[in-house]
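One-letter residues, chain by chain:
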Amino acid sequence: MSTATQTHTKTIVSALFDDDDVLLHAVKKLRGKGYYIREAYTPFPVHGLDHAMGLKPTNIGTAAFFYGLMGLSLAIWLTYYTMIHDWPMNIGGKPSFTWSKNMPAFVPVMFELTVFFAAHLMVWTFFAVNGLFPGRKPINPDPRTTDDKFMIEVEANGDAEALIELLKNEGAIEINKKEEETNGNHH
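Since the model is a prediction, treat every value here as computed from it, not as a measurement.

Novice: Could you give an account of the overall build of the chain, with specific residues and numbers?
Specialist: Per the secondary structure count, the chain includes five helices and six strands. Ordered by position from the N terminus, the helices and strands of the chain form the series β-α-β-α-α-β-β-α-β-α-β. Taken over C-alpha atoms, the radius of gyration comes to 26 Å for the chain, far larger than the 16 Å a tight globule of 187 residues would show. Overall, the chain is about 85 × 55 × 30 Å in size when its C-alpha atoms are taken along their principal axes. In the chain, which comprises 187 residues, the share counted as buried stands at 28%. Put simply, of all contacts in the chain between residues at least 6 apart along the chain, 78% involve residues at least 24 apart. A total accessible area of about 12,800 Å² is found for the chain, and carbon and sulfur atoms account for 60% of it. Distance between charge centroids for the chain: 6 Å, based on 16 positive and 21 negative side chains.

Novice: Could you give me a rundown of the pattern of salt bridges, with the residues and numbers involved?
Specialist: Inspection of every chain in the model, using the stated rule, returns eight salt bridges. A salt bridge links R38 to E153; its shortest N-O distance comes to 3.6 Å. Of this pair, R38 sits in strand β2 (residues 36-41) while E153 sits in strand β5 (residues 150-155), and the two are 115 residues apart along the sequence. Note on E153: relative accessible area 6%, which makes it buried. One salt bridge in this structure joins R144 and E174, with 3.0 Å as the shortest N-O distance. Linking R144 in the loop between α4 (99-129) and β5 with E174 in strand β6 (residues 174-182), this pair joins segments that are 30 residues apart in sequence. Residue E174 is classed as partly exposed on the basis of its relative accessible area, which comes to 28%. Overlapping salt bridges, with partners in common, bring together R38, E153 and E180 in one network.

Novice: A description of a nonpolar patch on the surface should follow, citing residues and the corresponding values.
Specialist: Together, L74, W77, L78, Y80, Y81 and V109 give the surface a local cluster of nonpolar side chains, amounting to about 520 Å² of exposed area. At five residues, the largest contribution of residues to the nonpolar patch is made by helix α3 (residues 60-86). In this structure, Y81 sits in helix α3.

Novice: An account of the sheet that holds β6 is needed here, citing residue identities and associated values.
Specialist: Sheet strands line up and pair through hydrogen bonds in the backbone, either parallel or antiparallel. Strand order in this open sheet of four strands is β2-β5-β1-β6, and the pairing throughout is antiparallel. Both edges of this open sheet fall to β2 and β6, since each of them pairs with a single strand only. Strand after strand, the sheet turns through a mean of 25° between neighbouring axes, direction not considered. The pairing of strand β1 (residues 8-17) with β5 spans six bridges and is antiparallel.

Novice: Explain the environment of A172 to me, and be specific about the residues and the numbers.
Specialist: For A172, the location among the structural elements is in the loop between α5 (160-169) and β6. On the basis of relative accessibility, which here comes to 16%, the residue A172 falls in the buried class. For the pair formed by A172 and L16, sequence separation is 156 residues and the distance between their alpha carbons is 5.5 Å. Not counting chain neighbours up to four residues away, the residues in contact with A172 comprise A15, L16, F17 and L167.

Cut-offs and rules
- Residues numbered from 1 in each chain as written.
- Predicted model: local features only at pLDDT ≥ 70, side-chain atom pairs only at ≥ 80, totals over all residues.
- Heavy atoms only, no water.
- Helix = DSSP H or I, 4+ residues; strand = E, 2+ residues; numbered from the N terminus.
- Rg over C-alpha atoms; globule rule 2.2 N^0.38 Å.
- Buried < 20%, exposed > 50% of the residue type's maximum accessible area, 1.4 Å probe, protein only.
- Contact = heavy atoms within 4.5 Å.
- Areas by Shrake-Rupley, 256 points an atom, 1.4 Å probe, with all protein chains shown as cover.
- Lys, Arg positive; Asp, Glu negative; His and termini not counted.
- Charge placed at Lys NZ, Arg CZ, Asp CG, Glu CD.
- Salt bridge = Lys/Arg side-chain N within 4 Å of Asp/Glu carboxyl O.
- Patch = residues over 30% accessible without salt bridge, like charges linked within 9 Å, V, L, I, M, F, W, Y side chains within 5 Å.
- Pairing = 2+ DSSP bridges.
- Axes fitted to C-alpha atoms, helices over the stretch in contact; angles between N-to-C directions.

Nothing here speaks to function; it is geometry throughout.
This is how it looks when you write it as structure tokens:
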């Protein structure tokens, strides 16, 4: 018995638009007809495009909260260790051996480390999730989408000609079709 994976061909149709409102309307129309929009390339964020494409909300806010909590925890440990354990301060002849009595003086440090950790770790999380790293090959199929054009890639479910006709009716200024081999485990 062979364990080789079976390959299939999938038709991908890319459509170029010159207006973000036309693109958004086309995405809504395509999704309403059951087409899967694989990717959208835009020169700037288009409000509502993620919802129109059916993308799920991100958990980035939750991650930011936990990164901030990590920074706050480090700040609490750092202030306790430096001011109470390692080098206790005798201020005004009143030595303090408790962190809680000195805590108001530590608020700026706690705030700064909370914000620092949340902000910096979110940037690195963004890079990791999106696969942005030095030396990565760009995946933008058309450089015009970084200037003033908008592009969507749609998987044709069998009848590519009907999809192309629909895209023309929705205002696409240029349409390209390509065949792509998959191993059967993609959408």
